[in-house]
Protein chains: 2
Amino acid sequence: MTRLTLALDAMGGDFGPCVTVPAALQALASNPALNLLLVGDPAAITPLLAKVDSDLLSRLEVVPAESVIASDARPSQAIRASRGTSMRIALELIKDGRAQACVSAGNTGALMGLAKLLIKPLEGIERPALVSVLPHQQHGKTVVLDLGANVDCDSTMLVQFAVMGSVMAEEVLELKNPRVALLNIGEEESKGLSTIREAAAQLKEAPSINYIGYLEGNDLLTGKTDVMVCDGFVGNVTLKTVEGVVRMFLSLLKSPASGPGQKQKRSWWLKWLGRLLQKRLSKRFGHLNPDQYNGACLLGLRGTVIKSHGAANQRAFAVAIEQAMQTVRRQLPDRIAARLEAVLPKSD
Amino acid sequence: MTRLTLALDAMGGDFGPCVTVPAALQALASNPALNLLLVGDPAAITPLLAKVDSDLLSRLEVVPAESVIASDARPSQAIRASRGTSMRIALELIKDGRAQACVSAGNTGALMGLAKLLIKPLEGIERPALVSVLPHQQHGKTVVLDLGANVDCDSTMLVQFAVMGSVMAEEVLELKNPRVALLNIGEEESKGLSTIREAAAQLKEAPSINYIGYLEGNDLLTGKTDVMVCDGFVGNVTLKTVEGVVRMFLSLLKSPASGPGQKQKRSWWLKWLGRLLQKRLSKRFGHLNPDQYNGACLLGLRGTVIKSHGAANQRAFAVAIEQAMQTVRRQLPDRIAARLEAVLPKSD
């Protein structure tokens, strides 16, 4: 397998190096063809590498960065003052050809802005979108975008998201003629925001898109569509809502006897069998655990940039690194660029 | 208990009288002080009453309506052509003092528009909002609004929703000084849509509102707030997303052995114990079953109007009728009007 080098914004996210460094080591251990550039404060990173195996260390380089973009910074201000930050340097490593992709759990708006500035959008794409692939009830997957890169979206942006999502479903999910839907508050044509209705009118006329109409929030996980398109505000709230409900169920499954007085009533064999069954149920539900699909791809750029959840734990951040590797191996940006040329109207 | 008369739009919703009539009979049977006016096509309703107990029949009256507003009709057109429809007549029964509340599973936009026209908003309220009370993880409840009455919302509307939601939490959940949050895509002040940031600035200055800041989608069910405020588009998508995920989990719980090849491997006693445990889990999760909290109240009107899910089944529509009864008994519109007078700035 060809070697792969990724740049990690080691300082981003709620926990910084405490999560990113162990996750990096985990990824190195399970991928012998992987090299990592850890961008950040050496004083914070190197102590975490003290007892690390020399093989792993040989495939890891600490790239110093003086500062970090705060997760609550205003993106526009953060971008102006971004020189020397771990996020910017990680992106510059792609630009300079030293890394093939970058992973950051930092400020979403700043990552989006800096990526546009340094990596540049593909031709014909106004604004990149955050995209993720969610598991659905029919044991398949759905491409969902935008998950928060663009808070305000016009109809042209929604149509571009539909095109990018459709290409991603073809390339990543290996689906022919993937179904594309717009997320709305009803399935009737007259429903919803005017931007969505305008996007629907454009998508109906697009010969290369298999547009199937509006779907509602309850259809996000039913597998009725292969691509679900929405603006970044709605997508972000929706994804986090799904995560919240799934986490609640998983935590309830882990402790079904935590209700007052229930524990005492159970005999040991019922407890034992209960645990057995819970394990089975957890296995069934486990594929919906948000940690297992962490890492949204910033789609529509000339390179691969993966945004991890700010609150990601080690396991989740390692999943985001895996995502970056797969995206690079699949040459997703190149493939999308090639398809976009055929699909999108020429600007000249 | 004082007698109560409700008007039901018997023709509204995906299933019309097939759901509304059995639900009406169910509600009459369990509430001896209830009278119902079933508004709709007698030819469709009366056959369903053929074998009904005479006591129930004596508390039920069919009010004829010539037509029905289609659920996919454009609200503005539907309202112009609403004379003689079951929804309009049901609302007129409140206006004329013959009914104390109305329940409809019909077109949300038309119900909102007609209710504003016929029942009138409370003083100081621009636009009523659809509100529902969702169970959360901490065994309490959260008031969530707007759930779809207003697709486009400005900051003033969001502030009014916050006030109404706060009063509802005090009156219905019996909470003192309920916490109020705005649903956003991050907890930092700079995040999200400008309307939300403007509403936040106003809420911070409102002495009567216990505003606690932004919360994200994953906090909808965690119980971090007593009132969650958002625009109708986001609220509708979010609520339906929650419902979709909950339904998926509940259906998986009901058939945990449906995976290929699993059924054969289980012995009878494991199956039996499995069912026992599933029952317990279903009981734990059951309070999140969307059917059990069907019925969103159109808050901010001078009367009680309850919107049921269009796809409601008999049980869910009966819950919406119960909701209407409770809202009337609690005199919610009067109480909100009284509190609004104290809280909202005078328009003159």
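Here, residues in each chain are numbered from 1, in the same order as that chain's written sequence. Think of it this way: whatever chain is written first is A, whatever ligand is written first is 1, and the rest follow in order. Only residues with pLDDT of at least 70 are given local features in this predicted model, and only at 80 or more are side-chain atom pairs given and counted; all residues enter the totals for whole chains, interfaces and linings. To obtain the side-chain values, all non-hydrogen atoms of the structure were used and water was disregarded.

A. Quick peek at the domain arrangement of chain A. Residues and elements named next belong to chain A. Split by domain assignment, chain A resolves into domain 1 (1–121 + 299–329) and domain 2 (125–253 + 286–296). Each domain span listed reflects an automatic or database assignment of domains. Taking only C-alpha atoms, the centre of domain 1 and the centre of domain 2 are 26 Å apart. Residues count as neighbours in contact if any of their non-hydrogen atoms are within 4.5 Å of one another. Contacts between the two partners involve 20 residues from domain 1, matched on the other side by 22 residues from domain 2. Values labelled buried area give the accessible surface lost by two parts on being combined, using a 1.4 Å probe and summing over both. At the boundary of domain 1 with domain 2, total buried surface from both sides reaches about 1,600 Å², with 55% on carbon and sulfur atoms. A side-chain nitrogen of Lys or Arg and a carboxyl oxygen of Asp or Glu constitute a salt bridge if their distance falls within 4 Å. Applying the counting rule to domain 1 against domain 2 returns zero salt bridges. Think of it this way: any DSSP run of H or I at least four residues long counts as a helix, any run of E at least two long counts as a strand, and we number them from the N terminus. At the level of elements, helix H6 (108–118), strand E11 (304–307) and helix H12 (314–329) are the ones that each hand at least two residues to the side of domain 1 that touches domain 2. Counting residues per element, the side of domain 1 that touches domain 2 draws most heavily on H12, which supplies six residues. Across the side of domain 1 that touches domain 2, the residue classes break down as 11 nonpolar, six polar and three charged. Gly is put with the polar residues, along with every residue not named as nonpolar or charged; the nonpolar set is Ala, Val, Leu, Ile, Met, Phe, Trp, Tyr, Cys and Pro, and the charged set is Asp, Glu, Lys and Arg.

B. The arrangement of the sheet that holds strand E10 (residues 296–299) of chain B in detail. Residue and element names in this part refer to chain B. At least two bridges found by DSSP between two strands are what make those strands a pair. Overall, mixed pairing links the 11 strands, which are arranged E3-E2-E1-E4-E11-E10-E5-E6-E9-E7-E8 in an open sheet. At either end of the open sheet lies a strand with only one pairing partner, and these are strand E3 (60–64) and strand E8 (210–215). Going from strand to strand, the sheet's axes swing by 25 degrees on average, the running direction of each strand aside. Of the strand pairs in this sheet, strand E7 (residues 179–183) and E8 are connected by five bridges, and their pairing is parallel. What sits directly across from alanine 181, in E8, is glycine 213. Lines fitted to the C-alpha atoms define the axes, with helices restricted to the stretch that makes contact. Angles between their N-to-C directions range from 0 to 180 degrees. In the packing of helix H8 (residues 194–205) onto the sheet, contacts are made with E7 and E8, and the angle to E8 comes to roughly 155 degrees.

C. Examining the packing of helix H7 (residues 155–172) of chain A against helix H8 (residues 194–205) of chain A more closely. Residues and elements named next belong to chain A. Contact geometry for H7 and H8: axes closest at 8 Å, N-to-C directions at 50 degrees. Here H7 is positioned oblique relative to H8, judged by the angle of their axes. Between H7 and H8 lies a crossing of right-handed hand. The residues of H8 that touch H7, namely those facing Ser155, Thr156, Leu158, Val159 and Ala162, are Thr195, Ile196, Glu198, Ala199, Gln202 and Leu203. Split by residue class, the contact of H7 with H8 holds six nonpolar, four polar and one charged. Oblique is the label for any angle not covered by the other classes, which are roughly parallel (under 35 degrees), roughly antiparallel (over 145) and roughly perpendicular (65 to 115). For any pair of crossing helices, the crossing counts as left-handed if the nearer helix is rotated counterclockwise from the farther one by less than a right angle, and right-handed if it is rotated clockwise.

D. How the structure looks around the pattern of salt bridges. Within this structure, the stated rule accounts for 14 salt bridges over all chains. For Asp226(A), the salt bridge identified is with Arg179(A), shortest N-O distance 2.9 Å. Separated by 47 residues along the polypeptide, Asp226(A) in the loop between strand E8 (210–215) and strand E9 (227–229) and Arg179(A) in strand E7 (residues 179–183) bring together distant segments of the chain. In this structure, Glu61(B) and Arg98(B) form a salt bridge, with 3.2 Å as the shortest nitrogen-oxygen distance. With Glu61(B) in strand E3 and Arg98(B) in the loop between helix H5 (86–95) and strand E4 (101–104), the pair connects residues that are 37 residues apart, well separated along the chain.

E. Quick peek at the nonpolar core. Here the nonpolar core consists of buried residues drawn from Ala, Val, Leu, Ile, Met, Phe, Trp, Tyr and Cys, with membership extended through side-chain atoms lying within 4.5 Å. Exposure is judged per residue with a 1.4 Å probe applied to protein chains only, and the accessible area is read against the type maximum: over 50% gives exposed, under 20% gives buried, and values in between give partly exposed. With 236 residues, the main nonpolar core has Leu91(A), Leu6(B) and Leu91(B) as its most contacted residues. Contacts of Leu91(A), omitting those with residues within four sequence positions, involve Cys102(A), Leu111(A), Leu114(A), Ala115(A), Leu118(A), Ile119(A) and Val305(A).

F. Quick look at the confidence of the model for chain A. What pLDDT reports is the predictor's confidence in each residue, on a scale of 0 through 100. Confidence along chain A averages 88 in pLDDT terms, with 87% of residues attaining 70 or more. For residues 256–264 of chain A, every residue scores under 50 in pLDDT, and the model assigns this stretch 11 contacts once sequence neighbours within four places are set aside.

G. How the structure looks around the pairing of E4(B). All names here are of chain B. Covered by surrounding structure in E4 are Ala101 and Val103 together with Cys102 and Ser104, the residues of both alternating faces. Where strand E1 (residues 4–9) meets E4, three bridges bridge the pair, whose relative direction is parallel. For leucine 8, the partnering residue across the bridge sits in E4 and is valine 103. Note that E4 and strand E11 (residues 304–307) share four bridges and pair parallel. Bridging across to E11, alanine 101 finds its partner in threonine 304.

H. Broad picture of the packing of helix H5 (residues 86–95) of chain A against H6(A). All names here are of chain A. In the contact formed by H5 and H6, the axes pass within 10 Å of each other and the chain directions differ by 30 degrees. Accordingly, the angle class assigned to the pair H5 and H6 is roughly parallel. As H5 runs across H6, the sense of the crossing is right-handed. Only Ala110, Leu111, Leu114, Ala115, Leu117 and Leu118 of H6 make contact with H5, whose side of the interface consists of Met87, Arg88, Leu91, Glu92 and Lys95. In terms of residue class, the contact of H5 with H6 is made up of eight nonpolar, no polar and three charged.

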